[in-house]
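As a plain string of letters, each chain reads:
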Amino acid sequence: MYQLQHLKLLIEVQKKNEDTAIIIIDRPVPQKGPLSNVIFKQEISLTELKHDLRKLLPASLDGNVQEDLTRRLVETIGDHCSQFGRILPNDLMTYIAAHFLIIEALHVAQGLPLLSKQEKQQSFAVTYNFVLDILPHELRIGHSYM
């Protein structure tokens, strides 16, 4: 639970155990065929997830919240790249999934409709490709566009 001005944001994730969360990666999958029902999951330390969520939360609800969320995502990924000298696909997808957990919690707290699975997948791909476009090539080890 996070407090953001007058909103309480409840971010629910599945737990593998007391120390590990499992988050869903809503990345695009083929509409037909054997991969059409694949669910991508990522295990992450609860401590690390909480830290990432705090970094990704918008500063306030004033102004352009989506712009603030995107700026914080880019800054968080930049910090990761500075620390490790690159960002692997799983790391990038995990940051983006956490970003969308916040967006979903904001929608719930504000009484807005949730995105459909297809809208989540499209938004995920747009965000992933946006980040790849602004990252220097040498930091994008093993990535491809969605």
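Below you will find a few notes about this structure. Worth saying up front: this structure is predicted, and the values here are computed from it rather than measured. (Residues numbered from 1 in each chain as written. Predicted model: local features only at pLDDT ≥ 70, side-chain atom pairs only at ≥ 80, totals over all residues. Heavy atoms only, no water.)

Considerations on helix α1 (residues 46-56)
Then, number 1: Of all the residues in α1, the buried ones are Leu 46, Leu 49, Asp 52, Leu 53 and Leu 56. Considered in projection along α1, the buried side chains sweep an arc of 125° and stay on one side of the axis. The exposed set on the far side of α1, more than 90 degrees from its buried face, consists of Thr 47 and Arg 54.
Then, number 2: On the buried face of α1, the contacting elements are β1 (2-4), β3 (14-15), β4 (20-25), β5 (40-45), α2 (65-84) and α3 (89-110).
Then, number 3: The N-capping residue of α1, defined by a side-chain oxygen 3.2 Å from the backbone nitrogen of Thr 47, is Ser 45. (Buried < 20%, exposed > 50% of the residue type's maximum accessible area, 1.4 Å probe, protein only. Helix = DSSP H or I, 4+ residues; strand = E, 2+ residues; numbered from the N terminus. Arc of directions from axis to C-beta. Contact = heavy atoms within 4.5 Å. Polar contact = N/O pair within 3.5 Å; in protein donor to acceptor, adjacent residues only side chain to side chain.)

With respect to the sheet that holds β3
Then, number 1: Spatially, β3-β4-β5 is the arrangement adopted by the three strands of the open sheet, whose pairing is antiparallel. The sheet is open, and its two edges are formed by β3 and β5, each paired on a single side.
Then, number 2: Where β4 lies against β5, six bridges are found, and the strand directions are antiparallel. Pairing of Ile 24 across the sheet is with Lys 41, part of β5.
Then, number 3: Sitting on the sheet, α3 is in contact with β4 and β5, with an inclination near 85° to β4. (Pairing = 2+ DSSP bridges. Axes fitted to C-alpha atoms, helices over the stretch in contact; angles between N-to-C directions.)

Brief notes about the packing of aromatic side chains
Then, number 1: Counting across every chain of the model gives two aromatic pairs.
Then, number 2: Ring geometry for Phe 124 against Tyr 128: centres 6.4 Å apart, planes inclined by 20°, an arrangement best described as stacked. Of this pair, Phe 124 and Tyr 128 both sit in helix α4 (residues 117-134), four residues apart, roughly one helical turn.
Then, number 3: In this structure Tyr 128 comes out as buried when scored by relative accessible area, which is 3%.
Then, number 4: Three or more aromatic residues joined by ring pairs form one cluster here, namely Phe 100, Phe 124 and Tyr 128.
Then, number 5: Sitting over the ring of Phe 40, Arg 27 keeps its end group 4.8 Å from the ring centre. (Phe/Tyr/Trp six-rings, centres within 6.5 Å; stacked < 30°, edge-to-face > 60°. Lys NZ or Arg CZ within 6 Å of the ring centre and 35° of its normal.)

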